Amino acid sequence: MKLNCPHCSWTIPAENINIQTAIAKCGSCSAVFGFADKAPGAVPFGSKRAVEMPKGYSVDHVGTGLEITRRWRSWKYLALLGFCIFWDGFLVVWYFIAFTKGGPLVMKLFPILHVAAGVALTYTAIAGLLNRTRITVNTAEVGIKHFPLPWLGNRLVMRQEIDQLFCEEKIRHGKNGVHYSYNLSAVLRDGKRLKLVSGLDTPEKALFLEQQIEGYLGIADRPVAGEMRPV
Ligand SMILES: [Zn+2]
């Protein structure tokens, strides 16, 4: 089976194609896309063309449009919270000793960066357990809002500015191995790319959003002009 990236036309090698899930990724522009519609024979019997709704997602048709809500909650945030209790607890004990036993100034200043890290990680853990992302789609605009705890990345994009949506794989090499995450991004009319939702942990979660939003707005998944490269 020969498959080309719908975004940059790169020919996808076999090892980047997952026949079971009908998901492929482009090694050239790191786009991730479903191809069940292009090769129906490749998809196992009984599986649907559309990506199934991932756990923690809900889709509502409200008066003004489509509303997709994604709950952030996952085990990794619970693990992070456990780590924060340990980390913050250590700092509390440290400062308790520093201030009650009259520790030297260096004892009070030394852990300042540890305190900053503790605050940031604890905030991330609590946001991860409480927060949701709501994507509102209507004929005028697409909005992304994270709540109830404030978080970077709220957006409001005019519908007419959006040319295409696509999913991207991000690879991070860390100490504990390779970490993959997935983004839903938009290609705008002027050719610029805008990240809409980031940090999704499976390609299905990003593809589901792409399918729902494109379906609602009537955007056909097609190669993006201007992004085309000679094969
Ligand atoms: Zn590509």
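About the criteria used
- Residue positions within a chain follow its written sequence, with the count starting from 1.
- The model is predicted, so local features are restricted to residues of pLDDT at least 70 and side-chain atom pairs to those at 80 or more, both for listing and for counting; the totals for chains, interfaces and linings are taken over all residues.
- By definition, any uninterrupted DSSP run of H or I lasting at least four residues is a helix, any uninterrupted run of E lasting at least two residues is a strand, and each is numbered from the N terminus.
- Neighbour counting defines burial: a residue surrounded by 20 or more other C-beta atoms within 10 Å of its own C-beta is buried, one with 12 or fewer is exposed, and intermediate counts give partly exposed, using backbone-placed C-beta atoms.
- Throughout, a pair of residues is in contact if the C-beta atoms placed from their backbones lie within 7 Å.
- Under the convention used throughout, the expected extent of a helix is 1.5 Å for every residue step, that is, one less than its residue count.
- Strands were regarded as paired on the criterion that DSSP finds at least two bridges between them.
- Nonpolar core, as used here: buried Ala, Val, Leu, Ile, Met, Phe, Trp, Tyr and Cys residues forming one set through C-beta atoms within 7 Å.
- Only the stretch in contact is used when fitting a helix axis, every axis being a line fitted to C-alpha atoms; angles between N-to-C directions are given from 0 to 180 degrees.
- For classification purposes, an angle smaller than 35 degrees is called roughly parallel, one larger than 145 roughly antiparallel, one from 65 to 115 roughly perpendicular, and anything else oblique.
- Should the near helix be turned anticlockwise from the far one by less than a right angle, the crossing is termed left-handed; should it be turned clockwise, right-handed.
- Residues are grouped as follows: Ala, Val, Leu, Ile, Met, Phe, Trp, Tyr, Cys and Pro are nonpolar; Asp, Glu, Lys and Arg are charged; all remaining types, including Gly, are polar.

Enquirer: Explain the overall build of the protein chain residue by residue, including any values.
Expert: In terms of regular secondary structure, the protein chain is built from 4 helices and 11 strands. Going through the 231 residues of the protein chain one by one, you find that 20% of them count as buried. In the protein chain, the share of contacts with a sequence separation of at least 24, taken over all contacts with a separation of at least 6, comes to 49%.

Enquirer: Can you explain helix α4 (residues 203–217)? Please cite residues and give values.
Expert: A rise of 1.5 Å per residue sets the reference length of α4, with its 15 residues, at 21 Å; its end C-alpha atoms lie 21 Å apart and thus fit the reference within 8%. Residues of α4 that are buried include every one of Pro203, Lys205, Ala206, Leu207, Phe208, Leu209, Glu210, Gln212 and Ile213, and no others. Phi turns positive, to about 70 degrees, at glycine 218, one or two residues after α4.

Enquirer: Explain unusual backbone geometry residue by residue, including any values.
Expert: Here phenylalanine 147 and proline 148 are connected by a cis peptide whose omega angle stands at -5 degrees. With respect to the helices, strands and loops of the structure, proline 148 is situated in the loop between β7 (141–147) and β8 (155–158). For serine 30, which is not glycine, the phi torsion reads 55 degrees and is therefore positive. Tracing the sequence through the fold places serine 30 in the loop between β2 (23–25) and β3 (31–34).

Enquirer: Tell me about the pairing of strand β10 (residues 177–188), residues and numbers included.
Expert: Judged from the 12 bridges that link them, strand β9 (residues 162–174) and β10 form a sheet pairing that is antiparallel. What sits directly across from cysteine 167, in β10, is leucine 184. Sheet topology places β10 next to strand β11 (residues 193–200); 5 bridges connect them, and they run antiparallel. Within β11, the residue paired with alanine 186 across the bridge is leucine 194. Linking β10 to β11, which pair antiparallel, is a turn of 4 residues; within it glycine 191 sits at a positive phi near 90 degrees.

Enquirer: Can you lay out the pairing of β9 for me, pointing to particular residues and giving the numbers?
Expert: As judged from the 2 bridges shared by β3 and β9, these two strands associate in the antiparallel manner. From the neighbouring strand, alanine 31 faces β9, where its bridge partner is glutamate 168. Here β9 hands over to β10 after 2 residues, the two strands then running antiparallel side by side.

Enquirer: Which residues make up the nonpolar core, and what values go with them?
Expert: If you look at the biggest cluster of nonpolar residues, it comprises 30 residues, and the most contacted ones within it are Ala31, Val32, Cys167, Leu184, Ala206, Leu207 and Leu209. Those elements giving two or more residues to this core turn out to be β2, β3, β6 (132–137), β9, β10, β11 and α4.

Enquirer: Go over the packing of helix α1 (residues 75–100) against helix α3 (residues 112–130) with me, naming the residues and quoting the values.
Expert: The N-to-C vectors of α1 and α3 enclose an angle of 150 degrees; their axes lie 9 Å apart at closest approach. When the axis of α1 is compared with that of α3, the two are roughly antiparallel. The interaxial crossing formed by α1 with α3 has left-handed handedness. Residues Tyr77, Leu78, Leu80, Leu81, Cys84, Trp87, Asp88 and Leu91 of α1 touch α3, and the partners they reach there are His114, Val115, Gly118, Leu121, Thr122, Thr124, Ala125, Gly128 and Leu129. Tallied by class, the residues present in the contact of α1 with α3 amount to 11 nonpolar, 5 polar and 1 charged.

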